[in-house]
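Coordinate inspection notes
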Amino acid sequence: MKVLLATNKPFALPAVQGIQHIIESAGHKFVKLEKYEEESLLLDAVKDVDALIIRSDIISKEIIEAAPNLKIIVRAGAGYDNVDLDAATSCGVCVMNTPGQNANAVAELVLGMMIYAQRNHFDGSVGRELSRRRLGLYAFGNVAKMVAKIARGFDMPVYAFSPTLTHDDLRKEGEYGVITAYTNKELFQNSDFVSLHMPLLEETRYCVDYSLLSLMPQDGLLINTARKELVMEDDLIRIMEERPAFQYVTDVKPDKHEEFLEKFPKRYFATPKKLGAQTTDANKNAGLAAANQIVAYFQNGDERFRVNA
């Protein structure tokens, strides 16, 4: 089988070498396309491949249909909204992600941005501590679980609400020490900080609106390391205009970034690009996991991490 590693934003060299070793040791052919600037280059590269490893690369219907031999796509990372799942299903292509491989890296960024916000961007003024501030986790997947574990070390009470897990599921997560919130309203009412961890789905798009944000304290903090489309930006701007101490930190630059920056320079921060998984450790973990999943799929049909129908 021919396996293509297609990354506009390449993996670190040790990760690429590890991926190549796993693929070739299993008897498959390994090729790569890195830092490509035109979609036409990707369209040409996929025409005879059986498997595809990507990062945040957009895999459209056109790309999938241009690859008649394609059997599996693995997105090295948790989110997979950059892949046209319906097109993949229609063409009989299995799509997987690599859940959990980037979790610690993203969780550490969440805590880092919380500290950065509470210490007023390290501008020399008097800030506040995280200890005893209530943290709410909106969704409770791999990243949120790591955030909960780290936050407990800061002596933070941690609440969690999940649209997909049952309340019994949350209560069973005893090792994380979370307090179950039974609705998203209850989560926002009981949290000084809220950190977003849900995937972008039709039911989660713009789910954080004025009605939820208004339940938080006057000096609340919203943290977003998931997707920008989860937040109603106009509603968040309204809250920050009404509440002079409300803060927003994000790893996904909003559409209205310039307006946030102009209006709230001391209460808003966005990373220059999505940095959650940008550690050498996460890079390597996700890449090697993707390679191993492809090998397992071809060897024994393992579809444990399939995300499409």
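Note that the structure is predicted; figures quoted are calculated from it, not measured.

Cut-offs used in this document
- Residues numbered from 1 in each chain as written.
- Predicted model: local features only at pLDDT ≥ 70, side-chain atom pairs only at ≥ 80, totals over all residues.
- Heavy atoms only, no water.
- Phe/Tyr/Trp six-rings, centres within 6.5 Å; stacked < 30°, edge-to-face > 60°.
- Helix = DSSP H or I, 4+ residues; strand = E, 2+ residues; numbered from the N terminus.
- Buried < 20%, exposed > 50% of the residue type's maximum accessible area, 1.4 Å probe, protein only.
- Pairing = 2+ DSSP bridges.
- Right-handed = clockwise from strand over helix to strand, strands pointing away.
- Axes fitted to C-alpha atoms, helices over the stretch in contact; angles between N-to-C directions.
- Contact = heavy atoms within 4.5 Å.
- Expected span 1.5 Å × (residues − 1).

**Notes on the packing of aromatic side chains**
Applying the stated criterion to the full structure yields 10 aromatic pairs. Between the aromatic rings of Y138 and F161, the centroid separation amounts to 5.8 Å while the plane-to-plane angle is 55 degrees, which identifies the pairing as tilted. You can see Y138 sitting in strand β6 (residues 135–138) and its partner F161 sitting in strand β7 (residues 158–161), a full 23 residues away along the chain. The residues Y138 and F161 share a single accessibility class, namely buried.

**Details of the pairing of β7**
Burial along β7 is two-sided: the residues V158 and A160 and Y159 and F161 are all buried. Relative to β7, β6 is paired through 4 bridges, and the arrangement is parallel. In the sheet register, L135 faces β7, and the bridge partner there is V158. The β-α-β motif built from β6, the intervening helix α6 (residues 142–153) and the parallel element β7 has right-handed crossover chirality. Of the strand pairs in this sheet, β7 and strand β8 (residues 178–180) are connected by 3 bridges, and their pairing is parallel. The residue of β8 that forms the bridge with A160 is T180.

**Side note on the sheet that holds β8**
Pairing in this open sheet of 7 strands is parallel, and the strands run β8-β7-β6-β9-β10-β11-β12 from one edge to the other. Every other strand in the sheet has two partners, leaving β8 and β12 (268–270) as the edge strands with one partner each. Within the sheet, the average angular offset between the axes of one strand and its neighbour, ignoring direction, is 20 degrees. By the bridge criterion, 4 bridges tie strand β10 (residues 221–224) to strand β11 (residues 247–250) in an arrangement that is parallel. Looking at the pairing, L221 lines up with Q247 of β11. On top of the sheet, α6 reaches β6, β7 and β8; it is set at about 170 degrees to β6, its chief contact.

**A short note on helix α5 (residues 103–118)**
The first and last C-alpha atoms of α5 sit 23 Å apart over 16 residues, in line with the 22 Å expected at 1.5 Å per residue. Buried within α5 are the following residues: A103, A105, V106, A107, L109, V110, L111, M113, M114, A117 and Q118. Just downstream of α5 lies N120, where phi reads positive at about 55 degrees.

**A look at the sheet that holds strand β3 (residues 51–54)**
With parallel pairing, the 5 strands of this open sheet are ordered in space as β2-β1-β3-β4-β5. Here the strands that pair on one side only, and so sit at the sheet edges, are β2 (29–34) and β5 (94–97). Strand-to-strand, the axes of this sheet are offset by a mean angle of 15 degrees, without reference to chain direction. One ladder, built from 6 bridges, connects strand β1 (residues 2–7) with β2; its direction is parallel. Looking across to β2, one finds that T7 is bridged to E34. Running over the sheet, helix α1 (residues 13–25) touches β1, β2 and β3 and is turned about 150 degrees from β2.

**As for the pairing of strand β9 (residues 193–196)**
Because side chains alternate across β9, one face comprises the buried residues F193 and S195, and the other comprises V194 and L196, equally buried. Relative to β9, β6 is paired through 4 bridges, and the arrangement is parallel. Looking at β9, one finds that G136 is bridged to V194. By the bridge criterion, 4 bridges tie β9 to β10 in an arrangement that is parallel. The residue bridging V194 from the neighbouring strand is L222, located in β10.

What is shown is where atoms sit, not what they do.
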